[in-house]
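# Remarks on the overall topology
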Amino acid sequence: MTTEQDYGQLLTLTFSTPMPYEWSIGKYGSLFFKEIREHQRFVGIRCPQCGKVYVPPRRLCAPCFEELYDLVTLPNLGTIMAFSVVNYPFPDPATGEQRPIPYTYGYIKIEGADNIFSHVIDETNVDKIAVGMKVAAVFKDRQEMQGNIQDIRHFKIVRGTHV
Amino acid sequence: MSRRVAIVGTGQTDHRSHRPDVNGREMIYEAVKRALADCESSIQDIDAVVIGNMDHFESINYVDTWSVEGSGAVMKPIMKVTTGGTTGTSVAIAAYYHVASGLFDRVLAIGWEKNSESDTTAAIITCSDPIWDRFSYSGAIPSLATEASAYMKQYGATQEDAARVAVRDRTHALNNPHAHLRKPITVEDVMASPMLAYPIKLLDVCPRTDGAAAVVFAADGIAQQIAPKPAWIKACAVRHTYTWFGDVDYTAGLVSLQEASREAYQQAGIGNPADDIDVAELYLPYSYAGLKWIEDLGFCRRGEGPTFIKEGHTDMGGKIPVNPSGGVISTNCIGATALLRVAEAALQVMGRAGQRQVPDVEVALATGFGGCFWSDVVILGAARP
């Protein structure tokens with residue numbers, strides 16, 4: 001926040017209240033979270049036209065512009081396709097507070113899926129994490145689950161299986 | 001069949017990290033005034049306006065109406081176009097469409113941003129899917145860092161290779177009186193700068209800037225009366241792909257840029273980009289992009305970006321000078337940034353680039369990048385198509 005003293009006669013007006021929103025997840029996403037809660041497993045969906053499997057499941061395959069129906073269960077195992085260790089502070093627009101840093105942001109290809117799942121990986125030492133390593137999801141305790149992406153606490157590197 | 005269109009004037013503010021002396025619409029006015037002066041026109045000559053910024057960055061949804069005082073668009077047809085980082089080139093291409101359609105003769109394109117008015121990272125995060133991506137997504141830098149980590153793994157490029165790109169752009173900015181950052185840096189400086197998100201360090205990445213740009217597009221027949229050497233639009237292409245970050249294939253390169261440039265090169269009759277293009281203003285928001293995306297543009301083969309840079313082909317005096325303006329790494333007022341690429345490419349063709357002029361420019365390339373790895377390509381030429 002700047003004060004009058006910073007700019008002489010030039011003032012600023014500050015605003016820092018996040019506005020509330022309530023987004024509809026839809027049938028497909030809701031099913032994904034139900035499977036996480038009931039069975040701690042991933043569910044994807046296959047496009048009948050191009051054969052691509054998407055996780056989380058969604059109503060449409062964008063390039064084909066086709067509606068999707070074929071649900072597929074997927075194992076709790078994935079490969080790190082890309083990652084970054086975030087090391088600078090910023091306010092989280094979801095909470096209005098600084099997000100805790102450092103944390104590792106990763107793109108994970110779940111076995112059997114063709115797209116990438118974004119989440120966090122519980123390793124922040126760049127010497128101990130590499131593209132190609134295998135990871136598995138660690139879930140929250142069932143009673144803590146709220147039906148959102150954070151029901152997956154993080155992904156953990158499965159050591160000894162580096163490709 | 002569309003009619004021929006040329007750029008006849010450009011204007012931009014003197015870009016700074018903070019402009020507390022102006023509000024957004026006043027800053028827009030500065031760029032518009034300069035663009036009109038550049039082509040000796042008045043606002044009465046303008047038939048339509050296209051304007052863009054990242055509207056959630058200043059939290060004003062109706063920027064097209066809110067800014068009419070500064071854009072000069074009172075009681076004129078005006079459209080807001082905002083497409084993330086590609087906003088500036090999308091604005092330029094939309095202005096081109098207005099004139100090419102035959103419906104308007106002189107159209108003003110405006111891009112602007114007061115980055116100082118919000119936390120840029122928090123604002124960018126709101127572009128991500130709130131249910132699936134927003135929890136882990138942390139703004140532009142880490143998603144670019146993820147692309148860099150995949151590229152380094154695939155081709156063995158190093159942090160020093162990328163640093164050379166930042167050094168080049170920051171060196172070029174010394175010739176640009178409008179640029180935000182005008183102090184030279186070395187590879188050692190880049191390597192010593194703080195690590196923001198591995199492998200991107202502070203000096204690998206663009207700044208946050210308050211600034212605006214305006215470009216005047218005119219129709220064939222009219223353009224020649226306004227400018228002695230108009231910059232003709234030879235080709236443009238737009239490729240906006242996925243909205244989910246997880247739908248990007250990190251091993252395929254920047255697919256949207258490959259496709260957009262391929263289409264634009266075909267329209268413009270370009271066979272070998274590094275030979276046929278005289279200067280390129282590329283939207284490179286961080287150093288690693290300068291290695292990878294020139295491969296996607298066909299300047300060199302896959303994996304050869306670092307060597308192409310190291311051999312000096314993209315320096316002033318090189319085979320294909322890149323970013324004589326200093327590029328995005330020297331100035332980044334996001335809604336204006338891609339429009340600045342078009343404006344700077346136009347200045348090169350028009351022979352008005354002053355100290356940053358590349359000699360004898362016949363063909364110039366401008367690109368826009370943004371959102372979830374989307375791309376726009378614009379090719380300008382000195383010869384009427």
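Parameters and conventions
Residues numbered from 1 in each chain as written. Chains lettered and ligands numbered in written order. Predicted model: local features only at pLDDT ≥ 70, side-chain atom pairs only at ≥ 80, totals over all residues. Domains from an automatic or database assignment. Contact = placed C-beta atoms within 7 Å. Helix = DSSP H or I, 4+ residues; strand = E, 2+ residues; numbered from the N terminus. Nonpolar A, V, L, I, M, F, W, Y, C, P; charged D, E, K, R; others polar. Axes fitted to C-alpha atoms, helices over the stretch in contact; angles between N-to-C directions. Parallel < 35°, antiparallel > 145°, perpendicular 65-115°, else oblique. Core = buried A, V, L, I, M, F, W, Y, C linked by C-beta atoms within 7 Å. Buried ≥ 20, exposed ≤ 12 C-beta atoms within 10 Å, placed from the backbone. Pairing = 2+ DSSP bridges.

### Describing the domain arrangement of chain B
It is common to report an interface's size as the accessible area lost on association of the parts. Residue and element names in this part refer to chain B. With domains assigned, chain B is organised as domain 1 (5-119 + 209-226) and domain 2 (131-207 + 234-381). The straight-line distance from the C-alpha centre of domain 1 to that of domain 2 is 23 Å. On the domain 2 side, the residues contacting the 33 residues of domain 1 number 33 residues. When residues of the side of domain 1 that touches domain 2 are traced back to their parent elements, those giving at least two are β1 (5-12), α5 (87-100), β4 (106-114) and β7 (210-219). Class assignment of the residues belonging to the side of domain 1 that touches domain 2 gives a composition of eleven nonpolar, 18 polar and four charged.

### Here we look at the interface of chain A and chain B
Across the contact, 32 residues belong to chain A and 33 residues belong to chain B. Its residues assigned to classes, the side of chain A that touches chain B comprises 24 nonpolar, seven polar and one charged.

### What about the packing of α5 of chain B against helix α16 (residues 334-350) of chain B?
All names here are of chain B. Look at α5 against α16: their axes get within 5 Å of each other, and the N-to-C directions meet at 55 degrees. What the angle tells us is that α5 and α16 run oblique. In this structure, α5 uses T87, G88, T89, V91 and A92 to contact α16, whose residues at the interface are G335, A336, T337, A338, L339, L340, R341 and V342. The class makeup of the residues in the contact of α5 with α16 is seven nonpolar, five polar and one charged.

### Describing unusual backbone geometry
Omega for the peptide link from I101 of chain A to P102 of chain A comes to 0 degrees, which places this bond in the cis form. Locating P102 of chain A in the fold gives a position in the loop between β6 (78-86) and β7 (103-110). That bond from Y198 of chain B to P199 of chain B is cis: its omega, 0 degrees, falls within 30 degrees of zero. Mapping P199 of chain B onto the fold places it in the loop between β5 (195-197) and β6 (200-201). The phi angle at F65 of chain A is positive, at roughly 55 degrees, despite the residue not being glycine. Phi at N323 of chain B takes a positive value of approximately 55 degrees, unusual for a residue other than glycine. Its location among the elements puts N323 of chain B in the loop between α14 (305-310) and α15 (327-330).

### Focus: the nonpolar core
Residue and element names in this part refer to chain B. With 172 residues, the main nonpolar core has A109, I110, V215, F217, L339, A346 and L380 as its most contacted residues. Ranked by residue count, the leading element in this core is α16, at twelve residues. Counting residues domain by domain, this core receives three or more from each of domain 1 (5-119 + 209-226) and domain 2 (131-207 + 234-381). Those residues in contact with A109 that lie beyond four places of it in its chain are V50, V91, A92, A95, A214, V215, F217 and L339.

### A closer look at the sheet that holds strand β2 (residues 48-52) of chain B
What holds strands together in a sheet is hydrogen bonding between their backbones, with the strands either parallel or antiparallel. All names here are of chain B. Spatially, the nine strands line up as an open sheet ordered β3-β2-β4-β7-β1-β8-β11-β10-β9, and their pairing is mixed. With one partner strand each, in any of the chains shown, β3 (78-80) and β9 (279-281) form the two edges of the open sheet. Ignoring which end each strand starts from, the neighbouring axes of this sheet average 25 degrees apart. As defined by bridge partners, β1 adjoins β7 across seven bridges and the pair is classed as antiparallel. Across the sheet, the residue bridging to G9 is V216, located in β7.

### As for the sheet that holds strand β2 (residues 53-54) of chain A
All names here are of chain A. Pairing in this open sheet of three strands is antiparallel, and the strands run β2-β1-β5 from one edge to the other. Each edge of the sheet is formed by a strand with only one pairing partner; in this case those strands are β2 and β5 (70-74). Two strands pair when backbone bridges link them, and strand β1 (residues 42-46) and β5 are joined in this way by five bridges, in the antiparallel orientation. What sits directly across from V43, in β5, is T73.

### With respect to the environment of E69 of chain B
Take E69 of chain B: it is sitting in helix α4 (residues 68-71). With 12 C-beta atoms packed within 10 Å, E69 of chain B lands in the exposed category.

### Things to note about the pairing of strand β10 (residues 363-370) of chain B
Residue and element names in this part refer to chain B. Taking burial as the measure, the eight residues of β10 include eight buried ones, the bulk of the element. Going residue by residue along β10, you find V363, L365, T367 and F369 tucked away on one face and A364, A366, G368 and G370 tucked away on the opposite face as well. Taken together, the three bridges between β9 and β10 define a ladder with parallel strand orientation. Note on β10: the bridge partner recorded for E281 is A366. With eight bridges connecting them, β10 and strand β11 (residues 374-381) associate as antiparallel partners. Paired with V363 across the strands is G381, a residue of β11.

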